[in-house]
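Survey of secondary and tertiary structure
Below are the chains, spelled out letter by letter.
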Amino acid sequence: MAATGTKSVLFVCLGNICRSPIAEAVFSKMATDSGVVDKWRIDSAATSNYEIGSPPDHRGQACMKRHGVPMQHVARKVTNDDFMSFEYILCMDDSNLSELNRRSNLVKNNPAKVELLGSYDPQNQRIIKDPYYGSDEDFEKVYEQCARCCKAFLEKNS
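**Quick notes on the overall build of the protein chain**
Helix and strand counts for the protein chain come out as five helices and four strands. Counting from the amino terminus, helix and strand elements in the protein chain follow one another as β-α-β-α-α-β-α-β-α. Taken against the 2.2 N^0.38 rule, which gives 15 Å for 158 residues, the C-alpha radius of gyration of the protein chain at 14 Å falls within 12% of a compact globule. Summarising its shape, the C-alpha atoms of the protein chain cover approximately 40 × 35 × 30 Å along the three principal directions. Counting over 158 residues, the protein chain shows a buried share of 51%.

Put into structure tokens, the structure is as follows:
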């Protein structure tokens, strides 16, 4: 588990190159701007092996740059240890949620709360769609959803 007095969140999507690194970067910037980043352990990961070792998608990086959000990440897959060391595991869609719940059940007595990041969306858009096969506009929509959800999540957990 995270050190005493710290909270922890792991953002998860299919490949860990589009949605989850955007959410990680957005949340990290919000926590930094709010002066609470030192109270958080923040990371992101994938449910699949597809992109392990890859940097975030160049379109997501460009979107973050336009918004002044620093982004630095190397894709990795969720591990069993993540269920023991993260307080919150927030994912992007029902497929991620199903896989994470399946994996969570294999890790006895884990404290992780597995949820959709979209469950925090004040506009009730629970699913954050994968922009991988889309356009720059789709990455912008992911950014906007992540910004709304991360703001609400941070407010609820500060």
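**Structural notes on the sheet that holds strand E4 (residues 113-116)**
Spatially, E2-E1-E3-E4 is the arrangement adopted by the four strands of the open sheet, whose pairing is parallel. Edge strands, defined here as strands with exactly one partner in the open sheet, are strand E2 (40-46) and E4. Direction aside, neighbouring strands of the sheet carry axes that sit 20° apart on average. Here strand E1 (residues 7-13) pairs with E2 via seven bridges, running parallel. Each residue of the ladder has a partner; that of Val-9, found in E2, is Ile-42. Strands in contact with helix H1 (residues 19-33) are E1 and E2; relative to E2, the strand with the most contacts, it is inclined by about 170°. Each of E1, strand E3 (88-91) and E4 touches helix H4 (residues 94-105); the most contacted strand, E4, lies at about 165° to it.

**Thoughts on the pattern of salt bridges**
Evaluated as defined, the whole model comprises ten salt bridges. As a salt-bridge pair, Asp-93 and Arg-19 come within 2.9 Å of each other at their nearest N and O atoms. With Asp-93 in the loop between E3 and H4 and Arg-19 in helix H1, the pair connects residues that are 74 residues apart, well separated along the chain. In this pair, the class of Asp-93 matches that of Arg-19, namely buried. Linking Asp-57 and Arg-59 is a salt bridge whose minimum nitrogen-to-oxygen distance equals 2.9 Å. Given a relative accessible area of 15%, Arg-59 falls into the buried group. Several salt bridges share partner residues, and in doing so they unite Arg-19, Asp-93 and Asp-130 into one network.

Thresholds applied
- Residues numbered from 1 in each chain as written.
- Predicted model: local features only at pLDDT ≥ 70, side-chain atom pairs only at ≥ 80, totals over all residues.
- Heavy atoms only, no water.
- Helix = DSSP H or I, 4+ residues; strand = E, 2+ residues; numbered from the N terminus.
- Rg over C-alpha atoms; globule rule 2.2 N^0.38 Å.
- Buried < 20%, exposed > 50% of the residue type's maximum accessible area, 1.4 Å probe, protein only.
- Pairing = 2+ DSSP bridges.
- Axes fitted to C-alpha atoms, helices over the stretch in contact; angles between N-to-C directions.
- Contact = heavy atoms within 4.5 Å.
- Salt bridge = Lys/Arg side-chain N within 4 Å of Asp/Glu carboxyl O.

This is a description of form; function is not addressed.
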